[in-house]
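Coordinates in review
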Amino acid sequence: MVYFLMGPILGIRSLALADEYQLCCLVMTSSDVHLLPPITFKYRTDDGSVSSHGSGEEIVLETLSDKRLWRYDWSVPRHNTKEISCTYYLPDGRCYTCVVPSKATPVRFVLASSADVSSSSCKDNSPTRNAMWTQMRREHLDSAFHLLIMAGDQINAGDLLIEKPSLVAWTQLSKKDRMDQDFTGQMRKETHDFYFDLYCERWRQPQHAWMYARVASLMMWNNLDILNGYGSMVSYPVIDGIYDVARKYYSLFQLRGLRQDKDWNSSKESVSSPSCTVWLHPESRRRDDTKYTSLTSLIRLGEVAFLMLDGRSERTSSHIISIKTIKEISKLLSKLEDLKHLFVVSAIPFIHPDIHLFPNMETALQVPWKKVSHVWGEFRISGALRAPSVNSTVTNEWNVFWPPRAKWTTTMIECNAGIK
């Protein structure tokens, strides 16, 4: 029997095929496993009027040291009016069931962010650190979710610079020496090992694993998926090297390796199709020999689409998303047809309470919401985040990016206003 070190991590693929729902799942084995038996599945509507079975194919995504990452692919039909329950069977004897929406069913999804905010050194300190995962499980059992949308920080790579010897030594150099230091082969090896092991360790936690196996997920990264504070720190050659490695494992684990698979890259013209996945930049070329192009994508499922914004790959001291990319996204959105809902997924909210409404935000957030609901009409896009008591995640992320944020938010409002 095959033994899996991690998984399954259920995901969704999407092509311009209106009658099919493409699924996939990640599993990890030891590197001495060279062949996996196929995955099998069966599906049925609640009333049993439609039922069938089939099998899926396996693909090796990556092998590193003593581990190997695989992806299984399979598809089930989308019924016109009825949800379908799909049970898939792994070769180790386990099975899991997910729910596929019908063409007429609104997609039920749950949004999660900062799903793994604790570093390795303090991960076991709080007995309630995975409480929200348990709550999601209860809600899923009550009314099954079709999708799990994850907006960033699916892992916490904050311990990389204090765990790996070559990187610890680098942090102890002077600023000039750190700037002169190249990303060495030893640093690269230790960084590869770190991310590969981190995904395996965190995603097999029982609370995470239960949801990941039963609800297909779409993910966009944030700074902790790379390095704590990435995008706001000085750019050193070593930090750029770490980013390269983090991007690789983000693409493998969170994007399921689909971005590298040409069969699963729809053209930008296909956004008007009932189902598609469109990458703003399918190629992985570098920009200015430092950072890669945007990983922003649009995933469409019938009358609903998710715009997954990459706020890290293009980030500089003057912008989070480049003006060029904003224009490209606007052009892409202008091609959408017959869409009812566009959900914009961003790690940092574009619209939030004006800080000046509350002298102390932390105190205000402790007040029951009904007591401050009368200020809803005063909520606005704020460009002047100055309150020192406000958590730096909001203050530092957006106050220096006001002009592009205003332009971008206006673009999103105009796009949604145009959806019929």
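Residue positions are given per chain, counted from 1 along the sequence in the order it is written. Only residues with pLDDT of at least 70 are given local features in this predicted model, and only at 80 or more are side-chain atom pairs given and counted; all residues enter the totals for whole chains, interfaces and linings. Based on all heavy atoms of the structure, the side-chain values leave hydrogens and waters out of the count.

Quick look at the packing of helix α1 (residues 131-142) against helix α6 (residues 206-214) now. Two elements in contact, α1 and α6, have axes whose closest approach is 9 Å; the angle formed by their N-to-C orientations is 35°. Our pair here, α1 against α6, has a crossing hand that is left-handed. Counting all contacts with α1, which are made through Trp133, Thr134, Met136, Arg137, His140 and Leu141, the residues of α6 involved are Gln207, His208, Trp210, Met211, Tyr212 and Arg214. Structural elements are reduced to axes, namely lines fitted to C-alpha atoms, with helices fitted over the stretch in contact, and the angle between N-to-C directions of any two is expressed from 0 to 180 degrees. Helix and strand definitions here come from DSSP, where helices need a minimum of 4 consecutive H or I residues and strands a minimum of 2 consecutive E residues; each element is numbered from the N-terminal end. Crossing handedness is read from the near helix: turned anticlockwise from the far helix by less than a right angle, it gives a left-handed crossing, and turned clockwise, a right-handed one. For this analysis, residues touch if any pair of their heavy atoms sits within 4.5 Å.

Looking now at the pattern of salt bridges. For salt bridges, the criterion is a side-chain nitrogen of Lys or Arg within 4 Å of an Asp or Glu carboxyl oxygen. Considering all chains together, one arrives at 11 salt bridges under this definition. The salt bridge partner of Asp73 is Arg13, with a shortest N-O separation of 3.7 Å. Of this pair, Asp73 sits in strand β5 (residues 67-77) while Arg13 sits in strand β1 (residues 6-13), placing them 60 residues apart in sequence. The pair Asp73 / Arg13 is uniform in exposure class, with both members buried. The cut-offs for exposure are 20% and 50% of the maximum accessible area for each residue type, with area from a 1.4 Å probe on protein chains only; residues under the lower value are buried, those over the upper are exposed, and the others partly exposed.

Next up on the list: the pairing of strand β4 (residues 51-64). By the convention used here, strands pair only if DSSP detects at least 2 bridges between them. Bridge count for strand β3 (residues 39-45) against β4 is six bridges, and the pairing is antiparallel. Bridge pairing in β4 places Arg44 opposite Ser51. The hairpin turn running from β3 into β4, its antiparallel successor, is five residues long, and Gly48 in that turn takes a positive phi close to 75°. Pairing of β4 with β5, which is carried by seven bridges, proceeds in the antiparallel orientation. Bridge pairing links Thr63 to Arg68 in β5. Between β4 and the antiparallel strand that follows it, β5, lie two residues; Ser65 among them carries a positive phi value of about 55°.

Moving on, we get to the nonpolar core. Within soluble globular proteins, side chains that are nonpolar tend to cluster in buried spots. Only buried residues count toward a nonpolar core, which is a set of Ala, Val, Leu, Ile, Met, Phe, Trp, Tyr and Cys residues joined through side-chain atoms within 4.5 Å. Formed by 91 residues in total, the largest nonpolar core has its most connected members in Trp74, Tyr88, Leu147, Tyr195, Ile242 and Phe253. Broken down by element, the residue count for this core peaks at 10 residues, all from helix α7 (residues 237-254). Look past the residues within four positions of Phe253 in its chain and what remains in contact with it is Met6, Leu26, Met28, Leu69, Phe196, Tyr199 and Trp203.

Time to look at unusual backbone geometry. Note the cis peptide between Gly7 and Pro8, where omega equals 10°. Here Pro8 is to be found in strand β1. Here the phi dihedral of Asp153 falls at roughly 60°; this positive angle occurs in a residue that is not glycine. Summarising the element assignment, Asp153 is placed in the loop between β9 (147-150) and α2 (160-163). Despite not being glycine, Asp338 shows a phi value in the positive range, around 55°. Positionally, Asp338 belongs in the loop between α8 (323-333) and β16 (341-345). Residue classification places Asp338 among the exposed positions, given a relative accessible area of 65%.

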